[in-house]
Amino acid sequence: PPALVQRDQKHDTAAVQTLDSAHFIHPFTDHADLAAQGAKVIVKADNIHVFDSEGHKMLDAMSGLWCVNAGYARKELADAAYQQMMTLPFYNNFFNTTNVPAVRLAAKLASLAPEVDGRSFRHVFYSSSGSESNDTNVRMVRRYWDLLGQPQRKVIIGRLNGYHGSTMAGASLGGMSGMHAQGDLPIPDIQHIEQPYFAEKARAGESAAEFGVRAARWLEDKILAVGPDRVAAFIGEPVQGAGGVIIPPDTYWPEIQRIVDKYGILLISDEVICAFGRLGHWFAYEKFGYKPDLITFAKGVTSGYVPLGGVMVGDRVAKVLIEQGGEFNHGYTYSGHPVACAVALANIELMEREGLVERVRNDTGPYLAERFEELQAHPLVGAADTCGFVGGITLVKNKATMAAFDADVGVGMICRGHCFKNGLIMRAVGDRMIIAPPLVMTRAQVDELMGLIKLCLDATLDELRSAGKL
Ligand code: PMP
């Protein structure tokens, strides 16, 4: 194979792209498109910036894929991995064995998840990703009801435009129509309700608070339609991430809680994006004031440095599963991987030492919100909102009427193109531009981010005007 990196650390971009096209099937990618453009080769990263093989520096406002919470190039995390690899790189946790990092991390995670109304989280089941963790949830929830003598309770209700991963169960729990269209999904006994997206679903004159309650009651309608004794659980993201950073009204989650309590069904909080400081709390249910039975986590637990995911198992489920369950025939080779757990511990220590969670909650999160407000004045911006360190900007054709662009304009992709050109990584979800910056971002770096966002919005506006699309 060709030498992809020369001695002087110069990268042969074309050679990488050729090999990439020849051999690498990428996630969620149209390969004809990719081959035509050539993949952008990311070669290194530091703090909040990534660098490509051509030497371009980009501000990564997406934290990789919502995960590099502690920022790039943290030596503490590399050291933790190295030391653990030299001590015990791997051993399984089947057959009555365990390892020290996995035990220490489980106890640490339990201490970070606040107790609400006497409900606490003392147990953790490990996986290596968010998708696997949600597969675990499906099996655990059904096992729970089996053990309680209610095996007919199988139906799990998720939401349209929710995202819970890409495995058979994960993609089924999610409500992405494009994913359901491939491979006969959803699997049986998964149902969906509409998302709590105020901008799209509110009635004329309805307040956000009223809408939040009405949107939550779609869950009750669905439970009644399915039959309350057949419903096992409801799953939702605290704030929908991949669906476009959809922030629910404050009234939404308390009403969801009332409904799941009324029918006795389990509540799964998928916090793969929202936990570990993203919303200014270690776990996001604390922010919205609800009481999940199971919490899915991944991504930020290791700041993405190595793969790790899992499920925080609340007392209600743990009691049944552990005390009366016998063997749960489920687990992964890498459940409780010692290196991943050691890196997670180092990551949490680092975040505690630097006060990153509190900083997002009390300082940089509110500052980002304040600066996002200014975007409302831009001619292209219909809405700009944040929650902690996630944010979304809705691009509209007409601010006064909030009329959307025609789909064939592809305004999100145009804007994303200008972002790339100007050294900013933002993601486009339809006509919504979204961000989830590393939690280490300072106020000065928030200013840098906002300057770039404004520049890219202006460039998008210029292009649309000169192409006669406005
Ligand atoms: N749940 C949520 C809420 C997510 O955002 C994601 C990934 N973006 C997943 C699950 C799946 O995680 P993974 O890609 O690690 O399987």
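For the structure given in this document, a descriptive report is provided here. All values reported here derive from a predicted model rather than from experimental measurement.

Reading guide: rules and limits
- Residues numbered from 1 in each chain as written.
- Predicted model: local features only at pLDDT ≥ 70, side-chain atom pairs only at ≥ 80, totals over all residues.
- Helix = DSSP H or I, 4+ residues; strand = E, 2+ residues; numbered from the N terminus.
- Rg over C-alpha atoms; globule rule 2.2 N^0.38 Å.
- Buried ≥ 20, exposed ≤ 12 C-beta atoms within 10 Å, placed from the backbone.
- Contact = placed C-beta atoms within 7 Å.
- Near = placed C-beta within 6 Å.
- Nonpolar A, V, L, I, M, F, W, Y, C, P; charged D, E, K, R; others polar.
- Expected span 1.5 Å × (residues − 1).
- Arc of directions from axis to C-beta.
- Pairing = 2+ DSSP bridges.
- Axes fitted to C-alpha atoms, helices over the stretch in contact; angles between N-to-C directions.
- Parallel < 35°, antiparallel > 145°, perpendicular 65-115°, else oblique.
- Left-handed = near helix turned anticlockwise from the far one by under 90°.

**Some details on the overall build of the chain**
Point 1. Across its full length, the chain holds 17 helices and 15 strands.
Point 2. Scaling as 2.2 N^0.38, a compact globule of 470 residues should have a C-alpha radius of gyration of about 23 Å, and the chain matches this with 23 Å.
Point 3. The principal-axis extent of the C-alpha atoms belonging to the chain is close to 65 × 60 × 45 Å.
Point 4. Across the 470 residues of the chain, 46% fall into the buried class.
Point 5. Relative to all contacts within the chain whose residues are 6 or more apart in sequence, the contacts with residues 24 or more apart total 70%.

**Quick look at the site of the ligand**
Point 1. Taken together, 16 residues lie near the ligand, and Ser-129, Gly-130, Ser-131, Gly-165 and Val-272 sit nearest.
Point 2. With three residues, the single largest contributor to the shell around the ligand is helix α6 (residues 130–147).
Point 3. A breakdown of the residues in the shell around the ligand according to their chemical character gives five nonpolar, nine polar and two charged.

**Description of helix α11 (residues 252–263)**
Turn by turn, an α-helix covers 3.6 residues, leaving residues three or four places apart pointing in a common direction.
Point 1. Taking 1.5 Å per residue as the helical rise, α11 with its twelve residues ought to reach 16 Å, and the 17 Å between its terminal C-alpha atoms agrees with that figure.
Point 2. Turning to α11, its buried residues number three or more, namely Tyr-252, Trp-253, Glu-255, Ile-256, Ile-259 and Val-260. Buried residues of α11 fall within an arc of 160° about the axis and therefore sit on the same side. Residues Asp-261 and Lys-262 are exposed on α11 and point more than 90 degrees away from its buried face.
Point 3. Turning to α11, the residues buried within the fold contact α10 (208–226), β7 (231–236), β8 (266–270) and α12 (285–288).
Point 4. Once α11 ends, the next one or two residues include Gly-264, with phi positive near 70°.

**A few points about the sheet that holds strand β1 (residues 42–46)**
Point 1. Taken together, the four strands give an open sheet; going across it, the order is β1-β2-β3-β13, and neighbouring strands pair in mixed fashion. The two strands at the open ends of the sheet, each matched to only one other strand, are β1 and β13 (424–425).
Point 2. Here strand β3 (residues 57–60) runs beside β13; their pairing, made up of two bridges, is parallel. Residue pairing for β13: Leu-59 is matched across the bridge by Leu-424.

**Quick notes on the packing of α10 against α11**
What describes two packed helices is the angle between their axes and the distance between those same axes.
Point 1. Interhelical geometry of α10 versus α11 gives an angle of 20° and a closest axis separation of 7 Å. In terms of axis orientation, α10 runs roughly parallel to α11. Handedness of the crossing formed by α10 with α11: right-handed. For the pair formed by α10 and α11, the contact residues are Gly-212, Val-213, Ala-215, Ala-216, Arg-217, Leu-219, Glu-220 and Ile-223 on the first element and Tyr-252, Glu-255, Ile-256, Ile-259 and Tyr-263 on the second.
Point 2. Split by residue class, the contact of α10 with α11 holds nine nonpolar, one polar and three charged.

**Re the sheet that holds strand β12 (residues 390–395)**
Point 1. Strand order in the open sheet formed by four strands is β11-β12-β15-β14, and the pairing between neighbours is antiparallel. Edge strands, defined here as strands with exactly one partner in the open sheet, are β11 (381–387) and β14 (427–429). Strand-to-strand twist in this sheet, taken as the mean axis angle between neighbours without regard to direction, amounts to 20°.
Point 2. Sheet topology note: the β11/β12 ladder contains six bridges and is antiparallel. What sits directly across from Val-381, in β12, is Leu-395.
Point 3. Most of the contacts of helix α15 (residues 356–373) go to β11, to which it runs at about 175°, and overall it touches β11 and β12.
Point 4. Helix-sheet contacts for helix α16 (residues 411–421) involve β12, β14 and β15 (432–435), and the interaxial angle to β14 is about 180°.

**Quick notes on the pairing of strand β4 (residues 121–127)**
Point 1. Counting buried positions over the seven residues of β4 gives five, a clear majority of the element.
Point 2. Pairing between β4 and strand β10 (residues 309–314): six bridges, direction antiparallel. Residue pairing for β10: Phe-121 is matched across the bridge by Gly-314.

These results come straight from atomic positions and should not be treated as a statement about function.
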